[in-house]
Amino acid sequence: MVRRIKESWNTRLGVILAVAGSAVGLGNFLRFPGQAAEYGGGAFMVAYFISFLLIGLPVCWAEWIMGRHGGQAGFSSSPGIFNYITRKPGFKYLGIIGVLVPVIIYMYYVYIEAWCLGYAVNFLAGNMDFSTMEASSDFWGGFIGIGENGSALGFGIDQVGIYLLLVFALNFFLIYRGIARGIELFCKYAMPALVVIALIILLRVLTLGTPDPDEPSRNVNNGLGFMWNPSKNVVEIQDAQGQWILDREVVDTEALASAVAQSGVDPATRVRSISMFEQLANPQLWLAAAGQIFFSLSVGFGVIITYASYMSKDDDVVLSGLAATSANEFCEVALGGLITIPAAVSFLGVAGVAGMGTFGLGFNVLPMVFAKMPFGEFFGFLFFSLLFLAAVTSSISMLQPGIAFLEEALSIGRKRSVTFLSVLTALGCGFVVFFSEGVKALDTLDFWVGTFLIFILATIQIIIFGWILGVDKGLELADEGAAIRIPRFFRFIMKYVSPLFLLTVFALWVIANVFGINLRTGEGSYSRYIVDLFIEPNTVALLSVGLILSVAALFIVITGLNPEYKKVRREP
């Protein structure tokens with residue numbers, strides 16, 4: 001038995017808001033709409049909700065249960081909790097992934113967090129009146145230093161440097177104050193403020209109607225249709241080789257009729273309806289949906305398991321977990337999705353939104369949308385302030401697993417652990433900001449840690465819960481202090497369906513995104529991430545992977561030297 005961590009949550013509402021805050025972040029208001037836009041809207045939503053039921057909620061509950069169970073023995077980090085539950089020495093090293101993931105993600109997440117604060121300030125200063133996509137993209141590129149390494153280190157109002165220092169200091173001030181006086185207190189105010197701001201923006205977006213009478217297809221209804229219609233109609237054109245190539249997607253009735261009429265007189269043009277089932281046959285759509293569930297709910301991050309460790313035995317983890325995930329889903333689907341995509345379609349049309357990624361939609365398209373909107377500077381300021389608040393509630397949660405690990409493994413106090421982690425993450429963040437050209441460092445870290453390792457950690461957690469702790473024992477632990485019980489059919493899902501689903505999705509993800517094989521045709525080549533490391537070595541990519549491995553090695557050494565883990569290992 002190790003020394004019990006004295007920190008705890010003050011209230012049940014506090015822990016729910018804190019866990020919801022860790023989940024509600026840029027993924028809700030930028031990544032989710034970007035993924036939905038890239039994969040056609042409605043069909044993506046079907047895969048998204050299935051993934052939520054089969055992996056999101058089960059893994060989330062598993063983390064809550066195992067975290068509280070480990071916390072009763074005095075452990076608050078993934079290495080300690082894995083070691084305590086499994087009684088197998090190797091699992092404490094697998095638990096290091098639950099510390100490595102949030103620490104590495106924080107190194108680049110705080111950089112993006114600074115973009116949000118900077119954009120809010122620049123909207124307030126009237127510097128965001130863009131008339132073309134090129135102007136919007138140029139501002140973003142200059143702001144984050146995308147053109148040249150080292151160019152992001154400026155400290156003007158239109159440069160990211162000063163905002164990065166401010167958000168970094170804010171995050172560590174809050175984490176230094178601890179669980180109750182820092183994280184819980186901030187989330188109690190930030191989460192309601194975030195929802196109020198989002199509702200104000202949503203009301204404005206839903207009342208946009210048709211902003212440009214000369215473009216009747218660009219309206220809110222078509223934005224909602226693009227978001228929710230499971231089937232879609234596309235216009236394709238035939239190239240010189242006779243191949244049909246996607247030209248655009250059409251949503252409204254008039255545009256569809258016009259496209260059909262055009263195809264009747266032009267044999268090189270055709271209109272095709274793509275059913276929901278045809279879209280769901282695309283494995284990449286399922287990979288995107290599952291990845292979004294991980295990123296959105298903060299499962300596989302090592303955050304929830306740490307937060308739950310500060311709960312008492314009588315605290316309800318079932319209802320708390322359901323409430324936190326429900327709050328996140330409300331913010332993601334009912335707020336994030338209904339704000340971003342309808343607003344963009346209303347001003348730019350479906351063609352201007354379809355296929356847009358996260359950063360393109362958030363930092364290139366939306367500033368143009370607000371520039372064209374009445375009182376756009378005010379609503380742009382509100383929107384990016386919303387993003388900033390959401391980012392802070394997530395970023396402080398990413399620091400707590402590292403703090404808990406250092407306090408537990410090195411037997412040091414909060415002041416020393418905060419100092420240690422602040423130096424470590426400052427070095428990592430400085431690396432990401434300096435190598436800003438093409439966001440290569442950020443992109444590499446996000447791929448190998450923010451996606452690859454999250455899949456691995458989530459899979460390890462659900463296997464430990466279902467097969468080592470045992471699903472029967474796990475659900476018995478869940479019932480302690482529970483106002484409601486986990487439905488018994490989840491017993492089968494958590495033991496068999498979730499692990500199988502995760503392993504299948506992960507295998508397909510590796511095939512598609514590591515080896516670069518097209519899952520439909522079987523053709524392809526190695527992804528740029530493999531090319532950057534082994535085929536045409538890229539210095540920044542190699543240094544980025546070196547950073548990951550260096551931090552992992554440091555955590556491995558710290559874990560291996562901790563005598564308390566060895567004592568637990570010898571317990572019967």
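Not measured: the values here are computed from a predicted model.

A.B. asks: Talk me through the overall build of the protein chain; I want residue IDs and the actual numbers.
C.D. replies: When its secondary structure is counted, the protein chain shows 23 helices and three strands. What you see for the protein chain is a C-alpha radius of gyration of 24 Å, in line with the 25 Å of a compact globule of 572 residues. Evaluated residue by residue, the protein chain yields a buried proportion of 59% over its 572 residues. In the protein chain, once contacts between residues fewer than 6 apart in sequence are set aside, the share between residues at least 24 apart is 79%. Entry remark: accessible area of the protein chain is about 21,400 Å², with carbon and sulfur atoms responsible for 63%. Here the protein chain contributes 35 positive and 41 negative side-chain charges, whose respective centroids are spaced 16 Å apart.

A.B. asks: With reference to specific residues and values, describe helix α6 (residues 97–124).
C.D. replies: Taking 1.5 Å of rise per residue, 28 residues should cover 40 Å, and α6 covers 40 Å from first to last C-alpha, within 8% of that figure. When the local axis directions of α6 are compared, the greatest deviation, roughly 35°, occurs at Y106. Burial analysis of α6 places 26 of its 28 residues in the buried class, which makes it a mostly covered element. Downstream of α6 by one or two residues, G126 has phi in the positive range, about 80°.

A.B. asks: Requested: an account of the pattern of salt bridges, with residues and values cited.
C.D. replies: Inspection of every chain in the model, using the stated rule, returns 11 salt bridges. For R272, the salt bridge identified is with E236, shortest N-O distance 3.2 Å. Of this pair, R272 sits in strand β3 (residues 269–274) while E236 sits in strand β1 (residues 232–238), and the two are 36 residues apart along the sequence. Classification of E236 as buried rests on a relative accessible area of 7%. Notably, a salt bridge pairs D472 with R491, separated by 2.0 Å at the nearest N-O pair.

A.B. asks: Please give an account of the packing of aromatic side chains that cites residues and values.
C.D. replies: Counted under the stated rule, the structure contains 45 aromatic pairs. Aromatic pair W115 and W140: ring centres 5.8 Å apart, planes at 85°, arrangement edge-to-face. Of the two residues, W115 sits in helix α6 while W140 sits in helix α7 (residues 133–144), which places them 25 residues apart along the sequence. Here W115 matches W140 in class, with each residue buried. Ring centres 5.1 Å apart and planes at 50° place the aromatic pair Y119 and F384 in the tilted group. With Y119 in helix α6 and F384 in helix α17 (residues 376–410), the pair connects residues that are 265 residues apart, well separated along the chain.

A.B. asks: Talk me through the environment of A20; I want residue IDs and the actual numbers.
C.D. replies: With respect to the helices, strands and loops of the structure, A20 is situated in helix α1 (residues 12–23). Along the backbone, A20 and L297 are 277 residues apart, and their C-alpha atoms lie at a distance of 8.1 Å. When near neighbours in sequence (up to four residues on either side) are disregarded, A20 contacts M191, A324 and A327.

A.B. asks: Pulling in residues and values, what's your account of the nonpolar core?
C.D. replies: One broad trend across soluble globular proteins is that nonpolar side chains are buried collectively. Membership of the largest hydrophobic core comes to 206 residues, with the highest contact counts inside it found for F29, W64 and W115. Per-element accounting of this core gives the leading share, 21 residues, to α6. Not counting chain neighbours up to four residues away, the residues in contact with W115 comprise W140, F143, I144, V160, F359, F363 and L442.

A.B. asks: How would you sum up unusual backbone geometry? Please name residues and give values.
C.D. replies: At R87, a position not held by glycine, the phi torsion is positive, near 60°. Position of R87 relative to the elements: it lies in the loop between α4 (78–86) and α5 (89–94).

A.B. asks: Please provide a residue-by-residue account of the packing of helix α13 (residues 283–297) against helix α19 (residues 440–479), values included.
C.D. replies: Viewed as axis vectors pointing N to C, α13 and α19 meet at an angle of 85°, and their least axial separation amounts to 11 Å. Classified by the interaxial angle, the pair formed by α13 and α19 is roughly perpendicular. Contacts between α13 and α19 involve G291, F294 and F295 on the former and, on the latter, G450, I454, F455 and A458. Tallied by class, the residues present in the contact of α13 with α19 amount to five nonpolar, two polar and no charged.

A.B. asks: Talk me through the environment of L17; I want residue IDs and the actual numbers.
C.D. replies: Within the fold, L17 resides in helix α1. Considering only alpha carbons, one finds L17 and Y307, 290 residues apart in sequence, at a separation of 11 Å. Beyond its immediate chain neighbours, meaning those up to four positions away, L17 contacts C187, K188 and M191.

A.B. asks: Explain the state of the cysteines to me, and be specific about the residues and the numbers.
C.D. replies: Each disulfide consists of one covalent bond between the sulfur atoms belonging to two cysteines. Applying the stated criterion across every chain, the model contains zero disulfides. Summary of cysteine pairing: C187 is not part of a disulfide, and the nearest cysteine sulfur, belonging to C331, is at 12 Å. This cysteine, C429, is not joined by any disulfide, and C116 carries the nearest cysteine sulfur, 14 Å off. Since its relative accessible area comes to 3%, C429 is described here as buried.

Calculation rules
- Residues numbered from 1 in each chain as written.
- Predicted model: local features only at pLDDT ≥ 70, side-chain atom pairs only at ≥ 80, totals over all residues.
- Heavy atoms only, no water.
- Helix = DSSP H or I, 4+ residues; strand = E, 2+ residues; numbered from the N terminus.
- Rg over C-alpha atoms; globule rule 2.2 N^0.38 Å.
- Buried < 20%, exposed > 50% of the residue type's maximum accessible area, 1.4 Å probe, protein only.
- Contact = heavy atoms within 4.5 Å.
- Areas by Shrake-Rupley, 256 points an atom, 1.4 Å probe, with all protein chains shown as cover.
- Lys, Arg positive; Asp, Glu negative; His and termini not counted.
- Charge placed at Lys NZ, Arg CZ, Asp CG, Glu CD.
- Expected span 1.5 Å × (residues − 1).
- Bend = angle between axes of the 7 residues up to and from the residue.
- Salt bridge = Lys/Arg side-chain N within 4 Å of Asp/Glu carboxyl O.
- Phe/Tyr/Trp six-rings, centres within 6.5 Å; stacked < 30°, edge-to-face > 60°.
- Core = buried A, V, L, I, M, F, W, Y, C linked by side-chain atoms within 4.5 Å.
- Axes fitted to C-alpha atoms, helices over the stretch in contact; angles between N-to-C directions.
- Parallel < 35°, antiparallel > 145°, perpendicular 65-115°, else oblique.
- Nonpolar A, V, L, I, M, F, W, Y, C, P; charged D, E, K, R; others polar.
- Disulfide = S-S within 2.5 Å.

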